[in-house]
Amino acid sequence: MNGAEAVVRTLVASGVDTCFANPGTSEMHFVAALDRAPGLRPVLTLFEGVATGAADGYGRIAGRPACALLHLGSGFSNGAANQHNARRARTPMVTVVGDHADHHLGYDAPLTSDLEGLARPVSGWIRRVGGSAEAGAASAHAVAEARSRGGRPVTLVLPAHAAWDEGAQCAAPVSPHTPRRVEPERIEAIARALARPGAAMILAGPALHGDGLEHAGRIAAATGVHLLAPTSPARLESGAGRVMVRRIPYFAEQAVACLAPYQTLVLAGGVEPVAFFAYPGRPSRLAPADAALPCLAGPEDDIVAALADLADAVGGGAGSAPRRAHVRPEAPNGALTPQAVAAIVARALPDGAIVSDEGFTAAVPTVEALAPAAPHDHLFLTGGAIGQGMPLALGAAVAAPDRGVVSLQGDGSAMYTLQALWSQARAGAKVTTIVFANRAYAILGIELDRVGAHGAGDLASSLLDIGRPALDWVALAHGMGVPAVRVAETAALAAALDTGLRENGPFLIEIDMTAAEVGLTPRRRHDVIN
């Protein structure tokens, strides 16, 4: 058995069943091993950022790692933005990167690079396989490390000689690190803190779905504290019947106003909230300067158990959590404003759907409208590196093929990884993509004003405008094998969305949003979306 086959067999034995791949010469032995060692489903992607973004989406929904197979340092660099998002989301994923054989590195061939140096900032753990004999064991440890410390993307570098040399063996699975149990003294201290006026909890990670969210709801019912979430959580259970959680707003001044009433902000699974960017005259820290920020549990702690213990300590009974009522908006008529789109999507969203959100400005009303819609999982742009939405939707659909995914997508960010549409068609992924085509980097128009960059004229505007020439998303989708339609009024969107949700594969809807936003200055855009 060669090293590549040992890697594949060990990944399968360790519970990895999907590989999103964009391979090259150094990975050909891994590719060949897929037929000799069945159990690892390959999903071809046409760009490395799609592979890493899809592995992120898979891990967020499945709760276990997928594999991303990339080629050398250049291929890893192409996928690094979405691996950054996965690191911020604490997604378990294993990125296998082929590299030159060790004896070839000294010749400085054209594709030689410092692969480990490139991978380090976006990887929670890195290991370079020294030879075929250690390939299996290294793979088992990679899966365990991906599932440890709250979840994280890891990088396994597989040099060509370690892949093709014989003498390798499949390794048995390695148990991940056991999360730390929060000590009773800390539970008691947090219970006392929640008894004080003006307390809230900021939930992250496993605290925002499943048992973690249920226990947080018990705490809220017993103490009256408000439950908050980061602006872009990795995965948030939302919709009717779910525990009510309020997301901290994106804009710093709105986030400051949101957090101002609280003297105590208990961190449960995350870190102190800070602004996405620095702005002249505005704070980077969002919490009140005198607020206490006690930590119940960090990402490496057993967050769910800590919430359960705290719920018991404050007397939170089972089933006592405050929950969202189901609200189905009225069917809108006429022009497709962002608010009309929001109402249509909220009315149509099926039970148990997954929402991948990279819609930015135009999708803000949709996010708000979905909160009391049918129960669903909402996946956000956690790391802020755009080009995540469509790959994330692909990975989520592969992880949960029966649930259906609705992808809210801005047209500018969609161009970063539009190749994901081809992979969605190839995999038969049940994804309905809604492209908000406002022909602009609208968020940058807002930020231009907010950072105080005065005096911007036609040259500056040309860097924010993507409407000359206009992108034809119907043609782009058709060219990649995805059925698509363009809509410009409410009845057409409702009919198209119904069609898309009934498809057994991908479907794309391009919404012409220009009519709703024509003539808006950056300042006016800011007023509209807020």
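Procedures and definitions
- Residues numbered from 1 in each chain as written.
- Predicted model: local features only at pLDDT ≥ 70, side-chain atom pairs only at ≥ 80, totals over all residues.
- Heavy atoms only, no water.
- Pairing = 2+ DSSP bridges.
- Helix = DSSP H or I, 4+ residues; strand = E, 2+ residues; numbered from the N terminus.
- Disulfide = S-S within 2.5 Å.
- Buried < 20%, exposed > 50% of the residue type's maximum accessible area, 1.4 Å probe, protein only.
- Axes fitted to C-alpha atoms, helices over the stretch in contact; angles between N-to-C directions.
- Salt bridge = Lys/Arg side-chain N within 4 Å of Asp/Glu carboxyl O.
- Core = buried A, V, L, I, M, F, W, Y, C linked by side-chain atoms within 4.5 Å.
- Contact = heavy atoms within 4.5 Å.
- Expected span 1.5 Å × (residues − 1).
- Left-handed = near helix turned anticlockwise from the far one by under 90°.
- Nonpolar A, V, L, I, M, F, W, Y, C, P; charged D, E, K, R; others polar.
- Parallel < 35°, antiparallel > 145°, perpendicular 65-115°, else oblique.
- Phe/Tyr/Trp six-rings, centres within 6.5 Å; stacked < 30°, edge-to-face > 60°.
- Lys NZ or Arg CZ within 6 Å of the ring centre and 35° of its normal.

The next subject is the sheet that holds strand S7 (residues 199-203). Spatially, five strands are ordered S10-S8-S7-S11-S12 in an open sheet, and the strand pairing comes out parallel. Both outer strands of the open sheet, strand S10 (246-247) and strand S12 (295-297), are each paired with one neighbouring strand and no more. Pairing of S7 with strand S11 (residues 264-268) involves five bridges; the strand directions are parallel. Bridge pairing in S11 places leucine 203 opposite alanine 268.

This brings us to the state of the cysteines. Scanning all chains against the criterion turns up zero disulfides. The thiol sulfur of cysteine 170 is not disulfide-bonded, and the nearest other cysteine sulfur, from cysteine 67, lies at 15 Å. In this structure cysteine 170 comes out as partly exposed when scored by relative accessible area, which is 36%. Here cysteine 258 is not cross-linked by a disulfide; its sulfur's nearest cysteine counterpart is in cysteine 295, at 19 Å. We classify cysteine 258 as buried; its relative accessible area is 3%.

So, about the sheet that holds strand S15 (residues 405-410). Here seven strands make up an open sheet; going across it, the order is S9-S14-S13-S15-S16-S18-S17 and the pairing mixed. For this open sheet the edge positions go to strand S9 (236-238) and strand S17 (484-487), each flanked by a neighbour on one side alone. Averaged over all adjacent pairs, the angle separating strand axes in this sheet is 20 degrees, with direction ignored. Here S15 runs beside strand S16 (residues 431-437); their pairing, made up of six bridges, is parallel. Its bridge partner being in S16, valine 405 is matched across the sheet by valine 431.

Moving on to the pattern of salt bridges. This model, assessed by the stated rule, comprises 28 salt bridges. Between arginine 180 and aspartate 301 there is a salt bridge, with the nearest N and O atoms lying 2.9 Å from each other. Here arginine 180, found in the loop between helix H8 (160-164) and helix H9 (184-194), pairs with aspartate 301, found in the loop between S12 and helix H12 (303-313); they are 121 residues apart in sequence, far enough to count as distant. By relative accessible area, which is 9% here, aspartate 301 ends up buried. Linked by salt bridges that have partners in common, Asp99, Asp102, Glu116 and Arg128 make up one network.

What follows concerns the nonpolar core. Ranked by internal contacts, the top residues of the largest apolar core, which has 45 residues, are Phe20, Phe76, Leu421, Trp473 and Leu508. When residues of this core are assigned to their parent elements, the largest contribution, seven residues, is made by helix H15 (residues 389-399). Aside from chain neighbours lying at most four places away, what touches phenylalanine 76 is Leu70, His71, Gln83, Thr95, Val97, Leu115, Leu118, Ala119, Val122, Ser123 and Thr155.

What follows deals with helix H7 (residues 135-146). Here H7 contains twelve residues, and its C-alpha end-to-end distance of 16 Å stays within 8% of the 16 Å for a straight helix at 1.5 Å per residue. By the burial criterion, the buried members of H7 are Ala135, Gly136, Ala138, Ser139, Ala140, Ala142, Val143, Ala144, Glu145 and Ala146. As for H7, its buried residues are in contact with helix H1 (3-13), strand S4 (93-99), strand S5 (125-128) and strand S6 (153-159).

Running from N to C, helix H13 (residues 338-348) and helix H14 (residues 360-370) cross one another at 35 degrees; their axes reach a closest spacing of 8 Å. Judged by the twist between their axes, the crossing of H13 over H14 is right-handed. Facing Pro338, Gln339, Val341, Ala342, Val345 and Ala346 of H13, the residues of H14 in contact are Ala362, Pro365, Thr366, Ala369 and Leu370. Residue composition of the contact of H13 with H14, by class: nine nonpolar, two polar and no charged.

A separate point is the environment of leucine 497. Here leucine 497 lies in helix H21 (residues 490-502). The sequence separation of leucine 497 and arginine 60 amounts to 437 residues, and the corresponding C-alpha distance is 25 Å. Excluding anything up to four places from it in sequence, leucine 497 contacts Ile344, Val345, Ala348, Thr432, Ile434 and Ile509.

Before going further, it helps to spend a moment on the packing of H1 against helix H2 (residues 28-36). Here H1 crosses H2 at 55 degrees, and the two axes come no closer than 8 Å. With respect to H2, the axis of H1 lies oblique. Taken as a pair, H1 and H2 cross one another with a handedness that is right-handed. Within the contact between the two elements, H1 uses Ala4, Glu5, Val7, Val8, Arg9 and Leu11 and H2 uses His29, Phe30, Ala33, Leu34 and Arg36. The residue makeup of the contact of H1 with H2, split by class, is seven nonpolar, one polar and three charged.

Here the focus is unusual backbone geometry. Here the amide bond leading from arginine 468 into proline 469 is cis, since omega sits at 5 degrees, within 30 degrees of zero. Tracing the chain through its elements places proline 469 in the loop between helix H19 (458-462) and helix H20 (473-479). Positive phi values are uncommon outside glycine, yet leucine 72 reaches one of about 55 degrees. Here leucine 72 shows up in helix H4 (residues 72-89). With relative accessibility at 1%, the residue leucine 72 sits in the buried group. Not every positive phi belongs to a glycine, and arginine 149 is a case in point at roughly 55 degrees. Structurally, arginine 149 is set in the loop between H7 and S6.

Attention now goes to the side chain of asparagine 85. Along the chain, the position of asparagine 85 falls in helix H4. Ignoring sequence-local partners within four residues, the contact set of asparagine 85 consists of Asp56, Arg60, Leu381, Thr382, Gly383, Gly384, Ala385 and Gln388.

This next bit is on the pairing of S16. Here S16 lies mainly inside the structure; seven of its seven residues are buried. Neither face of S16 is open: one carries Val431, Thr433, Val435 and Ala437, the other Thr432, Ile434 and Phe436, and all of them are buried. Pairing of S16 with strand S18 (residues 507-512), which is carried by six bridges, proceeds in the parallel orientation. Paired with isoleucine 434 across the strands is isoleucine 509, a residue of S18.

Let us now look at the packing of aromatic side chains. As enumerated under the stated definition, the model contains three aromatic pairs in all. Centroid distance tyrosine 250 to phenylalanine 276: 5.0 Å. Interplanar angle 55 degrees. Geometry classified as tilted. Residue tyrosine 250 is found in the loop between S10 and helix H11 (252-259), and its partner phenylalanine 276 is found in the loop between S11 and S12; the two are separated by 26 residues along the sequence. Tyrosine 250 sits in the partly exposed class, given a relative accessible area of 27%. For phenylalanine 276, a relative accessible area of 36% translates into the label partly exposed. Here the aromatic cluster, defined as three or more aromatic residues joined through ring pairs, consists of Tyr250, Phe251 and Phe276. In this structure, arginine 282 packs its charged tip against the face of tyrosine 279, placed 5.8 Å from the ring centre. Residue placement shows arginine 450 over the ring face of tyrosine 279; its charged tip is 4.2 Å from the ring centre.

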